[in-house]
4 protein chains.
Amino acid sequence: MEITRIERIRKKLHEIIYEADTPFGKLFDVILLLLIIVSIISVMLESVASIRFLYGTELAIIEWIITGFFTLEYIGRIIAVKRPLKYIFSFYGIIDLLATLPAYIDLLFPGWHFLVSLRAVRLLRVFRILKLAHFVGASNQLVVALKKSRLKIAVFLFSVIVLCIILGTIMYMIEGPEHGFTSIPMSIYWTIVTLTTVGFGDITPATPFGQFVSMIIMILGYGIIAVPTGLVTAEFMSKDRKVHENTQVCPNCSADHHRDDAKFCYHCGHTL
Amino acid sequence: MEITRIERIRKKLHEIIYEADTPFGKLFDVILLLLIIVSIISVMLESVASIRFLYGTELAIIEWIITGFFTLEYIGRIIAVKRPLKYIFSFYGIIDLLATLPAYIDLLFPGWHFLVSLRAVRLLRVFRILKLAHFVGASNQLVVALKKSRLKIAVFLFSVIVLCIILGTIMYMIEGPEHGFTSIPMSIYWTIVTLTTVGFGDITPATPFGQFVSMIIMILGYGIIAVPTGLVTAEFMSKDRKVHENTQVCPNCSADHHRDDAKFCYHCGHTL
Amino acid sequence: MEITRIERIRKKLHEIIYEADTPFGKLFDVILLLLIIVSIISVMLESVASIRFLYGTELAIIEWIITGFFTLEYIGRIIAVKRPLKYIFSFYGIIDLLATLPAYIDLLFPGWHFLVSLRAVRLLRVFRILKLAHFVGASNQLVVALKKSRLKIAVFLFSVIVLCIILGTIMYMIEGPEHGFTSIPMSIYWTIVTLTTVGFGDITPATPFGQFVSMIIMILGYGIIAVPTGLVTAEFMSKDRKVHENTQVCPNCSADHHRDDAKFCYHCGHTL
Amino acid sequence: MEITRIERIRKKLHEIIYEADTPFGKLFDVILLLLIIVSIISVMLESVASIRFLYGTELAIIEWIITGFFTLEYIGRIIAVKRPLKYIFSFYGIIDLLATLPAYIDLLFPGWHFLVSLRAVRLLRVFRILKLAHFVGASNQLVVALKKSRLKIAVFLFSVIVLCIILGTIMYMIEGPEHGFTSIPMSIYWTIVTLTTVGFGDITPATPFGQFVSMIIMILGYGIIAVPTGLVTAEFMSKDRKVHENTQVCPNCSADHHRDDAKFCYHCGHTL
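- Under an unreviewed UniProt entry, the name given to chain A is Voltage-gated potassium channel, and the source organism is Flavobacterium gossypii.
- What UniProt records for chain A under Subcellular location (unreviewed entry) is the sentence "Membrane".

Have a look at this one:
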């Protein structure tokens, strides 16, 4: 009798925490989303020296409330699942733990800087929000299109990196340490800054020949951007086109390219 | 008798101010357009210290003429519409009021800086020009294509913002306040500057690891730009492709979107 | 007799200078092309202080040889055409004159700076090279695609400019002259630098709110770039698609979308 | 007998070094790939002053091991091919030699800087890795699409360069040496930096008119990027579209590129 009651509570908990179909499940997701956002904003504000000075106490209180909720949630998650160990050592399990720990560590071993870096891990919980976004069909379409052109994008990225290494070394030989190109990795950093058209301007070529090679790099970068754009666009379109047509062939007249929802052949009127 | 005359004047006013079909209506729109442009240029020039010093009086006179016309226009608009209150509290009603107020406020409560900020609101009237542009078919096509890919663009922007928050926090932890990454919001600002390939160079990574993460951010930004481009292009094209479908509606079952060469309804098999 | 001989010379000259079908005509175009390139490089090198100091005399000699050829060519062009006045006051006529004048003016009224600015006009003759490029089919295709999407690009540019004026004024109000946003035109300049993702970094937002608005501007600019790309791509594709199919309909079976070079219906084999 | 044994060894060597079909051939390629990567990283690290100071000896040992392998490989390559001279004077033959020489030269004529510049040539061997990438189908598709739009990209690049020369000269005349536009080539460098939206900020316009022209250049650059993107996308798609055509060849007249649903040859009307 007792066991079935516990089981029922566990099932209820699972419904609330892990599922989003029941009203309580939805409410839980929304509250969690809001708390993560509040916690992110609180972490951000605390990193600003002037705000930390003025509202340090208020932010600490908010921090403790959120930590409390996250702790309860973490315990709830362990109770709700059938195999708790699997959850604890999963990607989200570790993030959930790291989201609650920093505050407790701070209590036992005070020390400001160490804390900040650990609490920032909480930001990774934002991916739970992305999980919600997954329900939006549009997001799925994006992911599918990107996944399909994955291989081509990888080849493209590899070529760009090889190009940057070669061009970076050339620029290091031309400009040298006296003009800010202190080493080959630094020079490769500059090449990527230039090729991607970011152009910080922290390092700039000073010799005429260096500026000439820079011009080539810039025009290259300006043109190369066409490649990933072309890949992704072609993927979006081909997917788009296929959604509307199926691969059926009319048994009577062999016409193809029928609409997905077609019941009769557009050419001979035969039942498909 | 008197009432019908007033009614006739009101109708005439409505025709001139709100409609663009009659010659006077068109003339009014063109004059309004020119005055808004002159007023914008005048506001711009007045913000330049040297011009304000030399031509301050001339600009003040132009300002008063434009304010006078805008005041008369505002009164005219109130008279011309049947429900003046609805207009007064509408978006354009408030902008129209704010376009005339600053000059009068300046007369009653002199004070330069306060005035400048209010007069700039007048710039929002430019949207009336955009309304004119709406008549150009091309603009409508642009708006339709953008509206259709609205949801996907929103999902994309949301993902970019989450990415920037996470990458910004990582960069804050790596570089820290001593290299200009004074706080997490500042670091997120830098991440957006870098990911969008703007690259001001007011803050730049100084540690080797920070520069390594920057390279990844830059290449990410360089590749990610393909996504909105792909989305919008696919939308532009899909509109284009609809040309291959005709506008016929099946006389039997009212299904539409038939292929151009369809002889039979794909839905019920009826002859088209 | 004399007149016909002069007429024959004029005709020959016209063939050489204006046409590119005969061997001499082609040779003339190539020599002209080379001289324009040499003259451009010479103007460029002369603008570099150190080179002007070392090779000033050599560059002056090259300059006089090119000026001599351009003068002869100008006279030749006047003789060759039937209506010399029409040529003299045409766009290319004026450029041709300006290409020869500076050297003579320098002889009569010595004065360095004034000369440099006039000689640079010679660069506009490069458009004659572009005229040659016109023969390349690829260039025509580019021009046609750009011309077709002209109206949409104009609407897009107009919207971007309006957006920049409004955002520039907002940034001027937020940041103010003390952070480098000295006037509204300066602020609009900054907005364009940011929106187009150029990002010089000569002016950067210093207030937190200014940086927040900057982030929005940057993400806007990053997304807006999709619009012209989408327009031009759609134009390239639609043109591409139309080239391959014609609008013929088979007189026997009414099938359409025939290839341009089709002589028989792909569906029923009937003669088209 | 001896000769056939040598011949057999040579054949075996050719299989291992030049081919990638046998297990040993694959292993050799992977080892070579790893060694090139290690050698690149070692060259990079050695260029960083602090690392060279601390781990100079270790890097020198790695350098000698890699040089040893590369030397053996070079000799092996000469032995394995039938026409050694053709290999020695080929592009890869010269690179392979340059990859081994620097270490030996350093032994005979010590001198640091000269060595660094020569050893960097070793980076060009990365192209052997690219050769491996060629086996990936995706890479071939990219190369084909880029090759097909080669001519159009050339016309586009030529127009951009002409535009940059003209705009650069105009900016030189407007801004002049006192604002950093020290010469026309420098001004063209700035124009390319701006047009490609890189925007280093090492040189920025200071006069109001210069800033106005800059705005036009930036908006131009922002719009022009649509052209290569459109070209490459159209090429990617057109390849895609060919799917709708089949590979059938008319048995009567040998015409190809028939529609997927074609029953009769479009050229001679023969049944397919």
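Picking up where we left off.
**Some points on the pattern of salt bridges**
Residues and elements named next belong to chain A.
Line of reasoning, step 1. Considering all chains together, one arrives at 12 salt bridges over all chains under this definition.
Line of reasoning, step 2. Here Asp 96 ties to Arg 77 by a salt bridge, and the two come within 3.7 Å at their closest N and O atoms. Residue Asp 96 is located in helix α5 (residues 91-108), and its partner Arg 77 is located in helix α3 (residues 49-80); the two are separated by 19 residues in the primary sequence.
Line of reasoning, step 3. Classification of Asp 96 by relative accessible area gives buried; the value is 2%.
Line of reasoning, step 4. Overlapping salt bridges bring together Glu 73, Arg 77 and Asp 96 as one network.

**Thoughts on the UniProt feature "transmembrane region" (unreviewed entry) in chain A**
All names here are of chain A.
Line of reasoning, step 1. Per the UniProt annotation, the sites labelled "transmembrane region" (unreviewed entry) are residues 30-55, 61-80, 87-105, 125-146, 153-174 and 212-232.
Line of reasoning, step 2. Secondary structure content for residues 61-80 is 100% helix and 0% strand, while the C-alpha to C-alpha distance between its ends is 28 Å.
Line of reasoning, step 3. Here residues 153-174 is 100% helix and 0% strand, with 31 Å between the C-alpha atoms at its ends.

**Quick notes on helix α10 (residues 184-195) of chain B**
Line of reasoning, step 1. With 12 residues, α10 of chain B should reach 16 Å at 1.5 Å per residue; the first-to-last C-alpha distance of 16 Å fits that figure.
Line of reasoning, step 2. Counting buried positions along α10 of chain B gives 11 out of 12 residues, so the element sits mostly inside the fold.
Line of reasoning, step 3. Inspection of α10 of chain B places Ile 184, Met 186, Ser 187, Ile 188, Tyr 189, Trp 190, Thr 191, Ile 192, Val 193, Thr 194 and Leu 195 of chain B among the buried residues, and these make up the whole buried set.
Line of reasoning, step 4. At its buried positions, α10 of chain B is contacted by α2 (23-47) of chain A, α9 (150-175) and α11 (208-224) of chain B together with α11 (208-224) of chain C.
Line of reasoning, step 5. With its phi angle positive at about 60°, Thr 197 of chain B sits one or two positions after the end of α10 of chain B.

**As for unusual backbone geometry**
Residue and element names in this part refer to chain A.
Line of reasoning, step 1. Its identity as a non-glycine residue notwithstanding, Thr 197 has a phi of 60°, on the positive side.
Line of reasoning, step 2. Following the sequence through the fold, Thr 197 ends up in the loop between α10 (184-195) and α11 (208-224).
Line of reasoning, step 3. The class of Thr 197 is buried, set by a relative accessible area of 5%.

**So, the relation of the copies chain D and chain B**
Line of reasoning, step 1. For the pair chain D and chain B, the relating rotation is 180°, the translation along its axis is 0.0 Å, and the fit reaches an RMSD of 0.1 Å. Given the turn and translation reported, the copies of this chain are related as if by a two-fold rotation axis.
Line of reasoning, step 2. Most of the interface of chain D is mirrored in chain B: 100% of its interface residues are interface residues there too.

**Notes on the packing of helix α10 (residues 184-195) of chain C against helix α11 (residues 208-224) of chain D**
Line of reasoning, step 1. Running from N to C, α10 of chain C and α11 of chain D cross one another at 25°; their axes reach a closest spacing of 9 Å. The orientation of α10 of chain C with respect to α11 of chain D, classified from their angle, is roughly parallel. Read as a crossing pair, α10 of chain C and α11 of chain D show a hand that is left-handed. Residues Pro 185, Met 186, Ile 188, Tyr 189, Ile 192, Val 193 and Leu 195 of chain C of α10 of chain C form the contact with α11 of chain D, whose own contacting residues are Gln 211, Ser 214, Met 215, Met 218, Ile 219 and Tyr 222 of chain D.

**Remarks on the environment of Ala 226 of chain A**
Line of reasoning, step 1. Following the sequence through the fold, Ala 226 of chain A ends up in helix α12 (residues 226-244).
Line of reasoning, step 2. Setting aside residues up to four positions removed in sequence, Ala 226 of chain A forms contacts with Pro 228, Thr 229 and Val 232 of chain D.

**Here's the deal with a nonpolar patch on the surface**
Line of reasoning, step 1. Where nonpolar side chains cluster on the molecular surface, the patch consists of Trp 64, Leu 97, Leu 101, Tyr 104, Leu 107, Leu 108 and Phe 109 of chain A and spans about 700 Å² of accessible area.
Line of reasoning, step 2. Take the nonpolar patch: its biggest share by element is five residues, from α5 of chain A.

**Side note on the interface of chain D and chain B**
Line of reasoning, step 1. Opposite the four residues of chain D that make contact, chain B presents four residues.
Line of reasoning, step 2. Of the roughly 240 Å² buried at the junction of chain D and chain B (both faces included), carbon and sulfur atoms supply 31%.
Line of reasoning, step 3. Between chain D and chain B we count zero salt bridges in total.
Line of reasoning, step 4. Joining chain D to chain B, the criterion identifies zero residue pairs in polar contact (both at pLDDT 80 or more).
Line of reasoning, step 5. When grouped by side-chain class, the residues that make up the side of chain D that touches chain B number one nonpolar, three polar and no charged.

**Quick look at the packing of aromatic side chains**
Line of reasoning, step 1. Taken as a whole and assessed by the stated rule, the structure comprises 22 aromatic pairs over all chains.
Line of reasoning, step 2. Considering the side-chain rings of Phe 181 of chain C and Trp 190 of chain C, the 5.2 Å spacing of their centres and the 65° angle between planes classify their relative orientation as edge-to-face.
Line of reasoning, step 3. The buried category is assigned to Trp 190 of chain C, whose relative accessible area is 1%.
Line of reasoning, step 4. An aromatic cluster of three or more residues is present, and its members are Phe 28, Phe 69 and Phe 70 of chain A.

Conventions we followed
- Residues numbered from 1 in each chain as written.
- Chains lettered and ligands numbered in written order.
- Predicted model: local features only at pLDDT ≥ 70, side-chain atom pairs only at ≥ 80, totals over all residues.
- Heavy atoms only, no water.
- UniProt positions renumbered as here; feature names shortened; annotations may be inferred.
- Salt bridge = Lys/Arg side-chain N within 4 Å of Asp/Glu carboxyl O.
- Helix = DSSP H or I, 4+ residues; strand = E, 2+ residues; numbered from the N terminus.
- Buried < 20%, exposed > 50% of the residue type's maximum accessible area, 1.4 Å probe, protein only.
- Expected span 1.5 Å × (residues − 1).
- Contact = heavy atoms within 4.5 Å.
- Least-squares fit on C-alpha atoms with pLDDT ≥ 70 in both.
- Axes fitted to C-alpha atoms, helices over the stretch in contact; angles between N-to-C directions.
- Parallel < 35°, antiparallel > 145°, perpendicular 65-115°, else oblique.
- Left-handed = near helix turned anticlockwise from the far one by under 90°.
- Patch = residues over 30% accessible without salt bridge, like charges linked within 9 Å, V, L, I, M, F, W, Y side chains within 5 Å.
- Areas by Shrake-Rupley, 256 points an atom, 1.4 Å probe, with all protein chains shown as cover.
- Buried area = accessible area lost by both parts, 1.4 Å probe.
- Polar contact = N/O pair within 3.5 Å; in protein donor to acceptor, adjacent residues only side chain to side chain.
- Nonpolar A, V, L, I, M, F, W, Y, C, P; charged D, E, K, R; others polar.
- Phe/Tyr/Trp six-rings, centres within 6.5 Å; stacked < 30°, edge-to-face > 60°.

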